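Chain residues, written in single-letter form:
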Amino acid sequence: RKEVEQDPGPFNVPEGATVAFNCTYSNSASQSFFWYRQDCRKEPKLLMSVYSSGNEDGRFTAQLNRASQYISLLIRDSKLSDSATYLCVVGFSSGSARQLTFGSGTQLTVLP
Amino acid sequence: GAVVSQHPSRVICKSGTSVKIECRSLDFQATTMFWYRQFPKQSLMLMATSNEGSKATYEQGVEKDKFLINHASLTLSTLTVTSAHPEDSSFYICSARVAGGTDTQYFGPGTRLTVL
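Calculation criteria
- Residues numbered from 1 in each chain as written.
- Chains lettered and ligands numbered in written order.
- Predicted model: local features only at pLDDT ≥ 70, side-chain atom pairs only at ≥ 80, totals over all residues.
- Heavy atoms only, no water.
- Disulfide = S-S within 2.5 Å.
- Helix = DSSP H or I, 4+ residues; strand = E, 2+ residues; numbered from the N terminus.
- Buried < 20%, exposed > 50% of the residue type's maximum accessible area, 1.4 Å probe, protein only.
- Pairing = 2+ DSSP bridges.
- Axes fitted to C-alpha atoms, helices over the stretch in contact; angles between N-to-C directions.

Draft legend 1. Molecular detail of the state of the cysteines. Residue and element names in this part refer to chain B. Scanning the entire structure with this criterion turns up two disulfides over all chains. A disulfide bridge connects Cys23 with Cys94, and the sulfur atoms are separated by 2.0 Å. Torsion about the S-S bond of the Cys23 and Cys94 cystine: about 80 degrees, corresponding to right-handed handedness. Of the two residues, Cys23 is situated in strand 3 (residues 19-25) and Cys94 in strand 9 (residues 90-97); the sequence distance between them amounts to 71 residues. Per residue, the accessibility class of Cys23 equals that of Cys94, and both read buried.

Laid out in structure tokens, this is it:
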């Protein structure tokens with residue numbers, strides 16, 4: 001079983017649509033949670049951190065359910081520029097090091 | 001802020017040669033840097049954690065003698081792929097965490113290595 005699992009997609013949605021991505025993680029000791037976006041052949045860029053109370057940043061809303069070990073990302077009023085791969089990322093401590101584990105990503109294409 | 005650079009961005013080399021990739025934190029100090037590898041349509045896989053002034057910690061299955069890591073200063077870590085082979089062709093990405101900061105990692109733009 002993968003440590004961080006995501007639906008790979010692809011999700012093809014029209015402009016203006018609302019789209020939701022889900023992610024589950026297996027390490028119950030995970031301490032920090034993020035969504036990154038990665039454009040084709042580029043490095044990942046932090047989209048937002050995810051907090052237990054849920055948090056919103058403009059059109060993006062992230063939710064965390066620690067009991068179910070589940071993270072979600074909701075994108076409202078999607079734009080063409082939202083087309084990318086969205087990576088669910090979980091942080092944990094391994095010995096004295098704090099590491100991130102990446103999901104395989106969910107591919108989103110927003111269509112005109 | 002929190003900019004990480006990587007050099008070179010792309011390298012093509014012959015099998016058997018060694019390739020050095022540099023990762024620099026430009027506007028912050030990074031006591032810890034990370035090296036990842038990403039094959040097409042796959043996730044980032046952590047190769048090693050690089051700590052300034054000490055030996056790197058390698059993930060299981062990553063050969064430390066093949067992937068040499070040096071983290072000589074708070075702003076520079078290098079990865080040397082020794083005796084590169086075609087199966088080492090991949091996208092190598094470094095990241096850095098702000099000293100004393102959160103778990104957030106800031107990524108370099110990556111180096112695309114092609115071994116002929």
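Now that the structure has been shown, the text picks up again.
Draft legend 2. Molecular detail of the pairing of strand 9 of chain B. All names here are of chain B. The buried fraction of strand 9 amounts to eight of the eight residues, a majority that puts the element mostly inside the structure. Bridging between strand 4 (residues 32-38) and strand 9 involves seven bridges; their strand directions are antiparallel. Bridge pairing in strand 9 links Tyr36 to Ile93. Here strand 9 runs beside strand 11 (residues 111-115); their pairing, made up of three bridges, is antiparallel. By the bridge assignment for strand 11, Tyr92 is matched with Thr111. Bridge count for strand 9 against strand 10 (residues 105-107) is three bridges, and the pairing is antiparallel. Each residue of the ladder has a partner; that of Ser95, found in strand 10, is Phe107.

Draft legend 3. Expanded view of the sheet that holds strand 3 (residues 19-25) of chain A. Residue and element names in this part refer to chain A. Strand order in the open sheet formed by five strands is 1-3-8-7-6, and the pairing between neighbours is antiparallel. Looking at strand neighbours, the two that pair on one side only are strand 1 (4-6) and strand 6 (55-57), the edges of this open sheet. In this sheet, neighbouring strand axes are inclined to one another by 20 degrees on average, regardless of whether the strands run parallel or antiparallel. Where strand 3 and strand 8 (residues 70-75) come together, six bridges link them in antiparallel fashion. Each residue of the ladder has a partner; that of Phe21, found in strand 8, is Leu73.

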